[in-house]
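Survey of secondary and tertiary structure
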Amino acid sequence: MVKNTNIIEVKNLVKHFETFKKEEGLFSSLKSLVKREYVTVKALDGIIFNVKRGEIRGFIGPNGAGKSTTIKILSGILYNTSGEVKVNNYRPWHDREKYVKRIGVVFGQKQQLWLDLPALDTFHLNKTLYEIPDKVYEKNLRYFVKLFELEEIVRRPVRQLSLGEKMKCELISSLLHEPDIVFLDEPTIGLDIFSKEKIRAFIKQVNKDKGITFLLTTHDLDDIENLCENILIINKGKIVFDGKLSKLKDEVLKTKTIDVKFKEKVKDYGIVPDGIKIVSQTEWDVRLEVDRGKHEIERVLNHIIQNYPIKDINVANPEIEEVIKRIYQK
Amino acid sequence: MKILDFFVESIKLRIQEQMMYKLNFIIMMITLLSFNLILPFVTILIYMKSNGFPGWDFNQILLFQGVFILINSIDLMFFQRVDWSLSHDVRSGAFDRYLLYPVNTLAYITFTNFGLEHIADLFLGIGIIIYSLIKMQVTVTLANVMLFLGFIVIALFFSLSLAVIKNSIIIRVVRIGRLGEFVRTLKNFGEYPVNIYNSFLSSIFRYIIPLTLLAYIPSMILLNNMSEKFYIAALVVFIISIFAIFFWKNTLKRYNSAGG
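Residues numbered from 1 in each chain as written. Chains lettered and ligands numbered in written order. Predicted model: local features only at pLDDT ≥ 70, side-chain atom pairs only at ≥ 80, totals over all residues.

What follows deals with the overall build of chain A. A tally of helices and strands in chain A yields eleven helices and 13 strands. What you see for chain A is a C-alpha radius of gyration of 25 Å, clearly larger than the 20 Å of a compact globule of 330 residues, by over 25%. For chain A, buried positions account for 33% of its 330 residues. (Helix = DSSP H or I, 4+ residues; strand = E, 2+ residues; numbered from the N terminus. Rg over C-alpha atoms; globule rule 2.2 N^0.38 Å. Buried ≥ 20, exposed ≤ 12 C-beta atoms within 10 Å, placed from the backbone.)

The following block contains the structure:
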């Protein structure tokens, strides 16, 4: 029997919410008491995707695109309106108690640790909830606490910890029971650069050592670039991209940027061919945008090197923000 | 048994949580004990100043008070805190986390909101029951004690069902103001002998919303006045419980979380 390499399989997933509209003001509120105008919000409109076991998959999209709704359905918090979802061979909202034993979830904006007690106490409660054997618990606790260097932190009341420290404790809490998959909903939100880097390194190491799959939603594109080979992009309830990050960059951006610094002043560049645009220029440097559909980068570079007094030349890859912006606009 | 282990761990954590703030814990225990000691004395004063309750003497009314305090204390320990924390959690979306643990959601909500604040009431209720039985020189048989405890359990199931229905309503409408208070006020009707009410209310409290379970029935059992009709209240609780379970499950299906 061929083992299913997909840990998540989503087919034609639809989720609608019923809500109501209300204009501003007191009169409108009074009117709303008597008669409300209900609307149906199509949060997810038939999305389809798979995630392979052992991956760290990025899941991005603008605000209100449907990322959190998808995570909530995958983690069993919400029911679907229609469509199929299988995670780790379970339908999340059926057999919920058995299903959630094999997953971990971390919400960047919602806490799960007990605020007034040290994180160790919440870990111990989770040990009971997830029925983690003593030896497994001790081993995992030692491993994760050491990885994050949190020996003293886990003994202090959670409410006294910094945002970064809290998030690290939340991550440990979600991993102690050795889940097969962890859903991370904006885990680096609001954190400083050092904390972000530590969390990224942690996720990478755990993925490598324990083979745990991660599905990560984020607005921080550095998270994506550092962690994910494959990404999903969602916009207005539909998947608009599902594939390799490098392919995204190649497909969406057909231009490359060339930055040139000159040894001597250059006042005149001559006739600039169609397909090459001067983005900015001074007498000492120039930035060019080259349409790769019309010109080979190598030929353009050779031409510049042969005809101009070059001090330095650099070909810049497309910025991921630009890539994503263009996808969002589709 | 996992659920029992989880219950024990949750209570330990709640106690630890409350002990993190030493002064608050001590003051809380003192004020609650004082407040709950006043309640029977107020009843005694009212009783002594008025004609009391026709057909019932002072010690019998004291017994009712003791039983009511006993049952109410357990109710409050498990369900009082849930009222305000659940509404807050549903509004903020924090309720989501209750659905992420491999344990019955209701059990998680209830056990993690367990409050020690009314533990003193529990001992007070037991003390008043024993005192009033001694004063009345009532012979309490083992059979009566077992029956008494059985009906206490049924009364707690009744409280649990009401709590489940109330929690379901909170999740559906998000903000329900003083629903918890309304339910508590309703339950206070169960503090007194049911025959002090007119026949309409008396029938409601016996057969529709069996508030008689909260003091009347258990007290009557201890006073050797068991009746077959008491089992009707148990049947009503069974029906309410079934409804509560289905209502709760349907509520979770319709749960929409908060944005983000």
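The subject of this paragraph is the interface of chain A and chain B. In this assembly, 25 residues from chain A lie in contact with 22 residues from chain B. Secondary-structure elements contributing two or more residues to the side of chain A that touches chain B are helix 2 (67-74), helix 3 (96-100) and helix 4 (119-129) of chain A. Considering every element that reaches the side of chain A that touches chain B, the biggest residue donor is helix 4 of chain A, with four residues. For the side of chain A that touches chain B, the residue count by class is twelve nonpolar, six polar and seven charged. (Contact = placed C-beta atoms within 7 Å. Nonpolar A, V, L, I, M, F, W, Y, C, P; charged D, E, K, R; others polar.)

All names here are of chain B. In this model, helix 6 (residues 142-173) (32 residues) spans 46 Å end to end at C-alpha, consistent with the 46 Å of a helix rising 1.5 Å per residue. Residues of helix 6 that are buried: F151, I154, A155, F158, S159, S161, L162, A163, V164, N167, S168 and I170. A positive phi of about 70° marks V174, the residue just after helix 6. (Expected span 1.5 Å × (residues − 1).)

Another point: the packing of helix 3 (residues 58-92) of chain B against helix 5 (residues 119-136) of chain B. All names here are of chain B. One way to put it is that helix 3 packs onto helix 5 with a least axis distance of 8 Å and a crossing angle of 160°. The orientation of helix 3 with respect to helix 5, classified from their angle, is roughly antiparallel. Both helix 3 and helix 5 take part in a crossing whose hand is left-handed. Residues N59, L62, L63, Q65, G66, V67, I69, L70, N72, S73, I74 and M77 of helix 3 form the contact with helix 5, whose participating residues are I119, D121, L122, L124, G125, I126, I128, I129, S132, L133, K135 and M136. Tallied by class, the residues present in the contact of helix 3 with helix 5 amount to 15 nonpolar, seven polar and two charged. (Axes fitted to C-alpha atoms, helices over the stretch in contact; angles between N-to-C directions. Parallel < 35°, antiparallel > 145°, perpendicular 65-115°, else oblique. Left-handed = near helix turned anticlockwise from the far one by under 90°.)

This next bit is on the domain arrangement of chain A. Under the domain assignment used here, chain A contains domain 1 (6-249) and domain 2 (254-328). The gap between the C-alpha centroids of domain 1 of chain A and domain 2 of chain A is 41 Å. (Domains from an automatic or database assignment.)

Residues and elements named next belong to chain A. The strand order 2-1-4 describes an open sheet built from three strands, whose pairing is antiparallel. At either end of the open sheet lies a strand with only one pairing partner, and these are strand 2 (37-52) and strand 4 (82-87). Strand after strand, the sheet turns through a mean of 25° between neighbouring axes, direction not considered. Across five bridges, the pairing between strand 1 (residues 6-21) and strand 4 is antiparallel. (Pairing = 2+ DSSP bridges.)

This part takes up the nonpolar core. With 117 residues, the main nonpolar core has V182, F183 and F214 of chain A together with V67, L213 and I217 of chain B as its most contacted residues. Sorting elements by how many residues they give to this core places helix 3 of chain B first, with 13 residues. The contact partners of V67 of chain B, leaving out residues within four places of it in the chain, are G125, I129, A215, P218 and S219 of chain B. The next biggest cluster of nonpolar side chains, apart from the first, holds five residues, and it includes V260, V286, L288 and V300 of chain A. (Core = buried A, V, L, I, M, F, W, Y, C linked by C-beta atoms within 7 Å.)

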